[in-house]
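Reading the structure
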Amino acid sequence: MDITELQEIAEKERANQKEIRVHCCTSTGCRAANSMGVKKNLEAAVKDHGMSDRVQVVGVGCMGFCGNGPLVEIDSKEKLYEQVTPNDAESIINSLNGGGIPTAPEGDLKHPFFARQVRIVRETSGKIDPERIEEYIAAGGYQSLYKVIHDFTPQQVVEEITKSGLRGRGGAGYPTGLKWATVAKMPPGQKFVVCNGDEGDPGAFMDRSVLESDPHRVLEGMAIAAYAVGASEGFIYVRAEYPLAIERLEIAIKQAKKLGILGSQIFESNFDFKVNIRIGAGAFVCGEETALIASIEGGRGNPRPRPPYPAQHGIWGNPTLINNVESFANIAAIIREGAEWYASIGTEKSKGTKIFALTGKVKNNGLIEVPMGITLREIVEEMGGGIPGGQVKAVQTGGPSGGCIPASLLDTSVDYESLAKVGSMMGSGGMVVMDQDTSMVEVSRFYMEFCRGETCGKCIPCRAGTVQMYQALTKIINGEATEADLVKLEELCEMVKFTSLCGLGQSAPNPVLSTLRYFREEYLALLKQGVLNGKVAVHG
Amino acid sequence: MQSTTTKNSQKSTKEHPSGDKRFKALDITMKRNQYRQDALIEVLHKAQESFGYLEEDVLLYVARGLKLPLSRVYGVATFYHLFSLKPSGAHTCVVCLGTACYVKGSGQVLEALEQKTGIHQGETTPDGQMSLMSARCIGACGIAPAVVFDGTVAGKVKPEEALEKIKDWGINQG
Ligand SMILES: Cc1cc2nc3c(=O)[nH]c(=O)nc-3n(C[C@H](O)[C@H](O)[C@H](O)COP(=O)(O)O)c2cc1C
Ligand code: SF4
Ligand code: FES
Ligand code: FES
């Protein structure tokens, strides 16, 4: 395969594409609402109306507005239909002939939910069939990989990514270029590239969507990374809870191999890159990079102290680059458009876009890709449409490691530093909107229950501390706690935070600390009637 | 456990002494992975898929096949939540208790199911008809609350709908 062949595939595919493409979402959310039945009927209707020569039904990945699925979009006519049932299919196809209006509700593509998005990672999500490599190639796919192999030295790739300002999307926000440079500088030999698709944050499904909707984009990013750091083998670690993502990745890898885009002598160069899939087995801690390595090696997912970092000492002791799914999915676009372009989006220290899973009590649920620096208010109120008949009380970001940001701070800018300053974090992209009926003490107990269940038990502060913090929170919720218990809870938080081995324990107290910071009165109201700082506490 | 090791430590690639064909499927998976020890998790997934759960005999078989100490196999099998050492019911119902689902009332769905069946999450009905489980998030947060009935995801599930569904399975306890 060389560049002309790649372009030929693209041209042939574009020539074969029909004038009207009816996109029907076949990702998990819409599937659960019977989008496969919709797709079947759409196809039948095209046939029945004798329109097969100009209309084509395409099963696509997630369009992002999952809360209103199944979704059907007619790109060339800028029409979106929501909550489509198999019975609506006929009317949608008929309308393409000017025959009446579809019976399914029409969505508003001009709504801020869509209009305010900036799509880089998701540029082709919901537009192409994720099970056909030709569609990805027709959309410009794998050209960046070709470009780096033929026009860039590995060092130039690392420099380009560094200049782009991309930071890790898996949670911590470590500069991606710096990480690549560390692995690249290790002496030549066996090195690995790992894509972290463990996505453990409950309430987050960005990575799932990317893997299901555009698996080749992730593979291309990984291959570029492998070229840059000198690796010839990679792993994608996907949670077992994501069967469709696994299935589509398997298809994607097979197709890429067949075309000589993965495997040996990629694009007729001497660069080899082989990708394996590893399937998780339900352990949140395996998202932590050293635990992830242990799991890839087939063992228990226990984290180990760092240093040495995986970049120096990873899988089977070899230098290993670990990045998140979304981090890798940014790479091809950065190479294609250039580092300056990417760095022009976002804020001074947080570049580019971030995908969020907007969920909870907000009106519009789904996935949004927004430029860094947008405010929480713009996301929740404008894009999310606020809470129908209710009020925003808090926005939770960062999952079990993050915190709750109160409504009074909705003008906070969404970037790594600003979110950390208000006691939360960017996290992997979960964003859960809570209303006035949500008890913040219960929310913090909810996360503590999570951490208590997910602690790997290797170190005592986390193993015992999460149990004790959970008990203290339960005592408070049951109205049996005193002020002394609250003080003890706060001490526990500090202790667990500073003495745990890995990020799970270190950040487990965060939801408690942030709700104590902003919603302390809810804790106080639950304390047993007694003297509180000289005042009498009242029962909530 | 020690005694069973000796009892079963015969030829490992030939047919399992019990004549159970499902061991064949395990052999194929192990072979495809060239009996590599790092394939342990994948092999256990396959074992659970074939046998429904990881009984001791199966763990022993895997340990021998991959030449790993049983303690290692057992340690891995117990570390990961998705592996079960106990048999599960004919039907499974998994209620998502992740944040998005929790905020949207999945707790009530679980409660209704627990009440109806008389079992708690993580348990199986005495007649072996249904196992009730919970998940931390299945990535269908956009359609919360989500429940997985026998492997099929359902979204925006109300307590009544969940009860209706298990009634279709013929579950009428409690
Ligand atoms: C308890 C815990 C869970 C984590 N889970 C994930 C995860 O699910 N996905 C992920 O990409 N990173 C996760 N991380 C972060 C990883 O350790 C690692 O920093 C990340 O994969 C690096 O990729 P990035 O630099 O591209 O963000 C987790 C960290 C901790 C401490
Ligand atoms: S902090 Fe918790 S999860 Fe991390 S190693 Fe210690 S016990 Fe395990
Ligand atoms: S799953 Fe269909 S829009 Fe997200
Ligand atoms: S929180 Fe239930 S599917 Fe994600």
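**Remarks on the pairing of strand β9 (residues 353-360) of chain A**
Residue and element names in this part refer to chain A.
- Most of β9 is tucked away: eight of the eight residues are buried.
- By the alternation rule, side chains of β9 split into Thr353, Ile355, Ala357 and Thr359 and Lys354, Phe356, Leu358 and Gly360, which are all buried.
- As defined by bridge partners, β9 adjoins strand β10 (residues 366-371) across six bridges and the pair is classed as antiparallel. From the neighbouring strand, Thr353 faces β10, where its bridge partner is Pro371.
- Connecting β9 to the antiparallel partner β10 that follows it, the hairpin turn spans five residues.
- As paired strands, β9 and strand β13 (residues 430-435) are joined by four bridges and run parallel to one another. Following the sheet pairing, Thr359 is matched in β13 by Val432.

**Some remarks on the nonpolar core**
All names here are of chain A.
- Within the largest apolar cluster, 220 residues are counted, with the highest numbers of intra-cluster contacts made by Ile224 and Ala225.
- The element contributing the most residues to this core is helix α11 (residues 215-229), with ten residues.
- Once you skip the residues sitting within four places of it in the chain, Ile224 turns out to touch Ser144, Leu145, Val148, Val157, Ile331, Ala332 and Ile335.

**A few points about the domain arrangement of chain B**
- Split into domains, chain B comes out as domain 1 (2-79) and domain 2 (91-168).
- Here the C-alpha centroids of domain 1 of chain B and domain 2 of chain B sit 31 Å apart.

**Thoughts on the confidence of the model for chain B**
Residues and elements named next belong to chain B.
- Residues with a pLDDT of 70 or more make up 90% of chain B, whose mean pLDDT is 89.
- Taken element by element, the predicted model of chain B shows its lowest mean pLDDT in helix α1 (residues 2-8) (40) and its highest in helix α5 (residues 70-79) (97).
- Quick note on the complex model: pTM equals 0.94, ipTM equals 0.90.

**Focus on the site of ligand 1**
Residue and element names in this part refer to chain A.
- Among the 22 residues in the neighbourhood of ligand 1, the closest are listed as Gly168, Gly170, Gly287, Asn324 and Gly503.
- Those elements giving two or more residues to the shell around ligand 1 turn out to be β8 (320-324) and α21 (503-507).
- Looking at which element gives the most residues to the shell around ligand 1, the answer is β8, with three residues.
- In terms of residue class, the shell around ligand 1 is built from six nonpolar, eleven polar and five charged.

**A few points about the interface of chain A and chain B**
- Taken together, the contact pairs 41 residues of chain A with 32 residues of chain B.
- Every element with two or more residues in the side of chain A that touches chain B is listed here: α2 (28-32), β9, β13 and α18 (440-454) of chain A.

**Description of the site of ligand 2**
Residue and element names in this part refer to chain A.
- Around ligand 2 lies a shell of 14 residues, among which Cys456, Cys459, Cys462, Cys502 and Gly505 are the nearest.
- Within the residue set of the shell around ligand 2, elements represented by two or more residues are α19 (460-477) and α21.
- Considering only residue class, the shell around ligand 2 consists of eight nonpolar, four polar and two charged.

**Comments concerning the packing of helix α7 (residues 106-117) of chain B against helix α8 (residues 159-168) of chain B**
All names here are of chain B.
- At their nearest, the axes of α7 and α8 sit 8 Å apart, and the two run at 40° to each other. Of the possible angle classes, the one that applies to α7 and α8 is oblique. Along this stretch, α7 crosses α8, giving a crossing that reads as right-handed. Along its contact with α7, which presents Gln108, Val109, Ala112, Leu113 and Lys116, the element α8 presents Pro159, Ala162, Leu163 and Ile166.
- Here the residues of the contact of α7 with α8 sort into seven nonpolar, one polar and one charged.

**Quick notes on the sheet that holds strand β6 (residues 233-238) of chain A**
Residue and element names in this part refer to chain A.
- Pairing within the open sheet is parallel, and its four strands lie in the order β7-β6-β5-β8. The sheet is open, and its two borders are formed by β7 (274-279) and β8, each paired with just one other strand. Neighbour-to-neighbour, the strand axes of this sheet turn through a mean angle of 20°, independent of strand direction.
- The pairing of β6 with β7 spans six bridges and is parallel. Following the sheet pairing, Tyr237 is matched in β7 by Arg278.

**As for the sheet that holds β9(A)**
Residues and elements named next belong to chain A.
- Ordered in space as β10-β9-β13-β11-β12, the five strands form an open sheet in which the pairing is mixed. If you trace the sheet from one side to the other, it starts and ends with β10 and β12 (403-406), each paired once. On average, each strand axis in the sheet is inclined to that of its neighbour by 30°, with strand direction left out of account.

**A few points about the domain arrangement of chain A**
All names here are of chain A.
- One can read the domain layout of chain A as domain 1 (18-115), domain 2 (140-343), domain 3 (353-435) and domain 4 (440-536).
- Computed from C-alpha coordinates alone, the two centres of domain 2 and domain 4 are separated by 36 Å.
- Between domain 2 and domain 4, the residue contacts involve eight residues of the former and eight residues of the latter.
- For the side of domain 2 that touches domain 4, the class distribution of residues is five nonpolar, two polar and one charged.

Conventions adopted
Residues numbered from 1 in each chain as written. Chains lettered and ligands numbered in written order. Predicted model: local features only at pLDDT ≥ 70, side-chain atom pairs only at ≥ 80, totals over all residues. Buried ≥ 20, exposed ≤ 12 C-beta atoms within 10 Å, placed from the backbone. Helix = DSSP H or I, 4+ residues; strand = E, 2+ residues; numbered from the N terminus. Pairing = 2+ DSSP bridges. Core = buried A, V, L, I, M, F, W, Y, C linked by C-beta atoms within 7 Å. Contact = placed C-beta atoms within 7 Å. Domains from an automatic or database assignment. pLDDT = per-residue confidence, 0-100. Near = placed C-beta within 6 Å. Nonpolar A, V, L, I, M, F, W, Y, C, P; charged D, E, K, R; others polar. Axes fitted to C-alpha atoms, helices over the stretch in contact; angles between N-to-C directions. Parallel < 35°, antiparallel > 145°, perpendicular 65-115°, else oblique. Left-handed = near helix turned anticlockwise from the far one by under 90°.

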